[in-house]
Number of protein chains: 2
Amino acid sequence: MRFLHTADWHIGKKLHGYDLLADQRDSIDKIIRLAQEEAVDAIVIAGDLYDRSVPSVEAVELLNQKLIEINLEKKIPVLAISGNHDSSGRLATGSPWFKETDFYLHTQLSEAFHPIEMADTQFFLLPYFEPIAARLYFDDERLTTIQAAMKRVITEMETLFDTTKKQVLVTHFFIAGGLRTDSETPIEVGGLNSVPYELLEKFDYVALGHLHSKNALTKGNVRYSGSPLKFSLSEINDEKGVWIIDTDELIPAFHALPPLRDIQSIEASFDELLQPAFYQQLNREQFWQISLTDRAVIPNMMNQLREVYPYILSVERLNGRETSQPFLERQREQNPQQVITTFFEEITGETLTEKQSKWLSEGLQTALDTEKRD
Amino acid sequence: MRFLHTADWHIGKKLHGYDLLADQRDSIDKIIRLAQEEAVDAIVIAGDLYDRSVPSVEAVELLNQKLIEINLEKKIPVLAISGNHDSSGRLATGSPWFKETDFYLHTQLSEAFHPIEMADTQFFLLPYFEPIAARLYFDDERLTTIQAAMKRVITEMETLFDTTKKQVLVTHFFIAGGLRTDSETPIEVGGLNSVPYELLEKFDYVALGHLHSKNALTKGNVRYSGSPLKFSLSEINDEKGVWIIDTDELIPAFHALPPLRDIQSIEASFDELLQPAFYQQLNREQFWQISLTDRAVIPNMMNQLREVYPYILSVERLNGRETSQPFLERQREQNPQQVITTFFEEITGETLTEKQSKWLSEGLQTALDTEKRD
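Residues numbered from 1 in each chain as written. Chains lettered and ligands numbered in written order. Predicted model: local features only at pLDDT ≥ 70, side-chain atom pairs only at ≥ 80, totals over all residues. Heavy atoms only, no water.

Asks: Looking at this structure, how should I read the overall build of chain A?
Replies: Looking only at helices and strands, one finds 12 helices and 16 strands in chain A. Buried positions account for 52% of the 374 residues belonging to chain A. At a minimum sequence separation of 6, the contacts of chain A that also span at least 24 residues come to 69%. As displayed, chain A has an accessible area near 17,100 Å², and 49% of this comes from carbon and sulfur atoms. Taking the 37 positively charged and 58 negatively charged side chains of chain A as two groups, their mean positions are separated by 1 Å. (Helix = DSSP H or I, 4+ residues; strand = E, 2+ residues; numbered from the N terminus. Buried < 20%, exposed > 50% of the residue type's maximum accessible area, 1.4 Å probe, protein only. Contact = heavy atoms within 4.5 Å. Areas by Shrake-Rupley, 256 points an atom, 1.4 Å probe, with all protein chains shown as cover. Lys, Arg positive; Asp, Glu negative; His and termini not counted. Charge placed at Lys NZ, Arg CZ, Asp CG, Glu CD.)

Asks: Explain the relation of the copies chain B and chain A here, please?
Replies: For the pair of chain copies, the relating transformation is a rotation about an axis with a translation along it. Mapping chain B onto chain A calls for a screw motion: a turn of 180 degrees about the axis and a shift of 0.0 Å along it, with 0.0 Å RMSD after fitting. In the structure described here, the two chain copies are related by an operation that fits a two-fold rotation axis. Taking the C-alpha atom as reference, chain B places B:Gly94 closest to the rotation axis, 2.4 Å from it. (Least-squares fit on C-alpha atoms with pLDDT ≥ 70 in both.)

Asks: How should the confidence of the model for chain A be read in this particular structure?
Replies: In regions of low pLDDT, the predicted coordinates are not meant to be interpreted in detail. Averaged over every residue, the pLDDT of chain A is 90; the share at 70 or more is 92%. This stretch, residues 321-328 of chain A, has a pLDDT under 50; its non-local contacts, to residues over four places away or in other chains, come to 14 contacts. (pLDDT = per-residue confidence, 0-100.)

Asks: Looking at this structure, how should I read the pairing of strand 10 (residues 205-209) of chain A?
Replies: If a strand is regular, its side chains alternate between the two faces of the sheet. A large share of strand 10 of chain A lies buried, amounting to five of its five residues. Neither face of strand 10 of chain A is left uncovered, since the one carrying A:Tyr205, A:Ala207 and A:Gly209 and the one carrying A:Val206 and A:Leu208 both have all their residues buried.

Asks: Would you take a moment to explain the pattern of salt bridges for this structure?
Replies: It is possible for side chains of opposite charge to pair when their charged atoms get near one another. All names here are of chain A. Tallied over the entire structure, the rule returns 32 salt bridges over all chains. Asp 29 is paired through a salt bridge with Lys 66; the nearest N and O atoms lie 2.6 Å apart. Taken together, the positions of Asp 29 in helix 1 (residues 21-37) and Lys 66 in helix 2 (residues 57-73) put the pair 37 residues apart, joining distant regions of the chain. By relative accessible area, which is 4% here, Lys 66 ends up buried. Across the pair Glu 156 and Arg 152 runs a salt bridge, and its minimum N-O distance is 3.5 Å. Of the two residues, Glu 156 and Arg 152 are both situated in helix 6 (residues 146-158); the distance of four residues between them amounts to about one turn of the helix. Each of Arg 2, Glu 38 and Asp 246 takes part in salt bridges that share partners, so that together they form one network. (Salt bridge = Lys/Arg side-chain N within 4 Å of Asp/Glu carboxyl O.)

Asks: Could you clarify how one ought to interpret the sheet that holds strand 11 (residues 222-224) of chain A in this entry?
Replies: In a beta sheet, neighbouring strands are held together by backbone hydrogen bonds and run either parallel or antiparallel to one another. Residue and element names in this part refer to chain A. Taking strand neighbours across the sheet as the criterion, the five strands line up as 7-8-9-10-11 in an open arrangement whose pairing is mixed. The open sheet is flanked by strand 7 (116-118) and strand 11, the only strands paired with a single partner. Neighbour-to-neighbour, the strand axes of this sheet turn through a mean angle of 20 degrees, independent of strand direction. As paired strands, strand 8 (residues 121-126) and strand 9 (residues 166-172) are joined by six bridges and run parallel to one another. (Pairing = 2+ DSSP bridges. Axes fitted to C-alpha atoms, helices over the stretch in contact; angles between N-to-C directions.)

Asks: Whenever I open this one, the interface of chain B and chain A confuses me. Can you help?
Replies: Bring the parts together and some accessible area is lost; that lost area is often taken as the interface size. Listed by partner, the interface residues are 22 residues for chain B and 22 residues for chain A. Both sides of the chain B and chain A interface together cover about 1,700 Å² of buried area, and 70% of this is carbon and sulfur. Interface area lost by chain B to chain A is led by B:Arg90, B:Thr93 and B:Trp97, which between them contribute 39%. Linking chain B with chain A are zero salt bridges. For the interface between chain B and chain A, the tally reads eight residue pairs in polar contact (both at pLDDT 80 or more). Secondary structure elements with two or more residues in the side of chain B that touches chain A: helix 2 (57-73), helix 3 (88-91) and helix 4 (95-98) of chain B. Residue contributions to the side of chain B that touches chain A peak at eight residues, all from helix 2 of chain B. Of the residues assigned to the side of chain B that touches chain A, the class counts are 12 nonpolar, eight polar and two charged. (Buried area = accessible area lost by both parts, 1.4 Å probe. Polar contact = N/O pair within 3.5 Å; in protein donor to acceptor, adjacent residues only side chain to side chain. Nonpolar A, V, L, I, M, F, W, Y, C, P; charged D, E, K, R; others polar.)

Asks: Help me understand the packing of aromatic side chains, please; the structure alone is not making it clear to me.
Replies: What characterises a pair of aromatic rings is the spacing of the ring centres plus the angle enclosed by the ring planes. Under the defined criterion, the tally for this structure stands at 36 aromatic pairs over all chains. Considering the side-chain rings of B:Tyr18 and B:Phe287, the 5.9 Å spacing of their centres and the 40 degrees angle between planes classify their relative orientation as tilted. Note that B:Tyr18 is positioned in strand 3 (residues 18-19) and B:Phe287 in strand 15 (residues 287-292), a separation of 269 residues in sequence. Its relative accessible area of 15% is what places B:Tyr18 among the buried residues. By relative accessible area, B:Phe287 is classed as buried at 1%. Consider the rings of B:Phe129 and B:Phe173, whose centres lie 5.3 Å apart with planes at 75 degrees: the pair is edge-to-face. Linking B:Phe129 in the loop between strand 8 (121-125) and helix 5 (131-138) with B:Phe173 in the loop between strand 9 (166-172) and strand 10 (205-209), this pair joins segments that are 44 residues apart in sequence. In textbook terms, an aromatic cluster arises when at least three aromatic residues are bridged by ring pairs, as seen for A:Phe3, A:Phe123 and A:Tyr205. Over the ring of B:Trp243 we find B:Arg223; its NZ or CZ atom is 5.2 Å from the centre of that ring. Across the ring face of B:Tyr311, the terminal group of B:Arg261 is positioned such that the distance to the ring centre comes to 4.6 Å. (Phe/Tyr/Trp six-rings, centres within 6.5 Å; stacked < 30°, edge-to-face > 60°. Lys NZ or Arg CZ within 6 Å of the ring centre and 35° of its normal.)

Asks: Just to check I follow, could you spell out the sheet that holds strand 16 (residues 312-317) of chain A for this structure?
Replies: Residues and elements named next belong to chain A. Strand order in the open sheet formed by three strands is 14-15-16, with parallel pairing between adjacent strands. Strands at the two margins of the open sheet, each flanked by one partner only, are strand 14 (263-268) and strand 16. Each adjacent strand pair in this sheet contributes to an overall mean axis angle of 15 degrees, direction not counted. Pairing of strand 14 with strand 15 (residues 287-292) involves six bridges; the strand directions are parallel. Within strand 15, the residue paired with Ile 266 across the bridge is Ile 290. Against the sheet, helix 9 (residues 301-308) makes contact with strand 15 and strand 16, and its axis sits at roughly 135 degrees relative to strand 16, the strand it touches most.

Printed below as a string of structure tokens:
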């Protein structure tokens with residue numbers, strides 16, 4: 001069989017405060033068109049359909065509408081899971097009815113052990129879960145880390161393998177060695193909660209969600225699809241799209257999908273930027289990252305620039321005068337381990353020893369677990 | 001055919017701060033049991049399934065679970081609409097899939113013109129809507145009031161009547177002459193947005209939601225089911241339950257359903273209330289409205305009472321010393337027209353003239369419309 005692998009739609013997400021609903025509608029439309037052109041037998045969505053556990057009503061209406069279009073109107077089967085950004089309880093609404101039209105939406109760990117068989121393939125849909133869910137499901141107090149839980153989960157799945165078929169795992173985690181961008185919300189601290197790659201080698205293909213770059217991991221047949229849109233400046237040079245996999249050949253093929261509004265980078269002086277002869281050659285309806293060559297103070301700079309470039313993501317001074325993204329904001333995009341490590345180095349002039357680094361990650365993990373429980 | 005009529009579940013609602021989820025689960029379970037005992041062909045839910053447009057995840061999980069139980073497990077058809085408390089966009093999630101198992105959930109005005117035919121009956125499921133929805137649907141700028149909109153809607157429905165069948169309307173509005181309790185959120189001001197009773201006479205039965213008492217309207221075959229639970233002290237003597245209607249006889253039969261925890265009223269002295277011999281005869285796990293006969297000041301009164309009666313709704317002094325429900329709070333439960341009318345009378349010593357009263361209601365309506373648009 002032939003399926004399309006996408007993930008991390010994050011419907012409702014904003015980019016530096018700008019609403020992306022029109023862009024998201026457009027990118028889902030392009031996914032639907034490609035699915036039809038390529039005559040895929042199913043669309044796999046590997047988690048983070050929404051950006052927030054309580055999405056806006058506009059986000060809910062967009063996803064509802066697109067799923068109706070994909071599954072009820074175009075009759076394309078859908079295999080989906082919840083990610084760390086989705087509320088599994090809310091996302092589950094209606095899911096028992098969806099199965100009738102080959103729309104499988106798994107939001108609970110227990111559902112992962114009911115593989116969906118389609119043509120020559122068994123799909124294991126494993127939603128994002130916390131170790132506590134594995135402790136309860138397996139009634140095993142030792143499953144305190146995601147590594148231990150995942151090992152148990154995959155061992156259990158193996159007992160369900162039909163050797164006459166291919167096995168595909170759909171899941172939403174940080175796989176050890178994966179490359180991060182700035183737009184993911186870390187679910188792992190200091191590597192403690194990352195899933196070892198080796199656990200995934202038992203599957204013919206692993207369709208991942210969570211990391212936003214398609215290049216985050218390229219070992220074997222384990223792939224992140226990446227998000228369909230750029231969600232941070234760090235992704236400016238990323239190519240966004242989806243994978244299409246044929247289970248006969250098992251060679252993932254990437255299909256790039258252009259966004260409605262791309263992120264553009266430009267280096268110029270303030271005066272140039274405001275010259276009609278200069279800006280009329282640009283598509284100013286895109287998102288702009290501006291690098292100013294000026295040295296002088298420019299009063300009311302942002303307002304003047306925004307009149308010409310309505311969607312500015314950042315303005316930097318090439319000569320280091322000012323940036324529109326203050327230090328604290330940049331810090332917020334790093335994970336806690338990085339922030340504290342950098343802080344320690346800046347204050348003491350020394351680097352953390354291996355032992356200190358381990359203490360730190362364990363402490364942060366405890367704090368993170370406590371926070372999630374509350 | 002034979003159907004059960006309920007409404008105003010308001011899942012997630014709290015009673016004076018107390019969580020009602022266990023009570024709501026229990027009352028839905030009792031409705032399901034009755035539906036099976038009475039072998040009804042469908043359950044009609046006339047709006048306000050949730051208490052808020054963004055219900056808590058616990059409320060979502062409860063409704064999801066109970067609808068699965070009713071429709072997928074017990075195979076009972078469901079005919080439901082959204083009320084003024086529901087977010088029609090959110091509640092619609094999954095609804096196109098539900099039809100396959102005879103679960104009809106209408107959240108848009110346009111859906112009201114696709115009657116559901118079951119056995120000898122046409123069900124018109126008309127969700128709560130604002131006049132703006134009728135203006136857009138009929139492309140008619142004159143539909144500025146709910147009366148005008150409703151007249152147009154029902155005229156349109158009449159063109160769809162199959163004279164060989166019975167017609168049942170399911171809707172969620174304030175019908176002129178209906179009796180209010182303290183627990184509804186007013187959608188009408190000064191009568192401007194109430195639906196004239198005469199418009200409903202064309203139907204063999206009208207299954208209403210919105211008002212919380214089953215006795216709110218008892219003319220002809222037009223009924224409010226009332227809420228399954230008491231949601232305010234003003235409902236203390238209400239009998240809660242559901243109607244069962246047989247379309248052969250068309251005589252609505254009320255079936256009372258006892259709550260998990262009822263509201264009890266008690267008149268006693270503070271000392272009596274704290275005597276084990278006194279309170280051990282009471283079911284203290286119920287909700288209590290306490291009237292104290294004492295005249296003296298009682299330090300730390302509420303804390304002492306709560307140790308024995310964990311679910312106190314109010315404490316009143318029969319001799320008028322103090323009440324636990326201050327004046328302002330009581331005012332909040334009245335509708336704006338009443339509050340201003342009372343205020344005017346208290347300040348001027350005069351009553352509003354008919355003209356003044358009309359100005360007031362029109363002004364409030366404009367304010368209400370503006371607020372809803374924002």
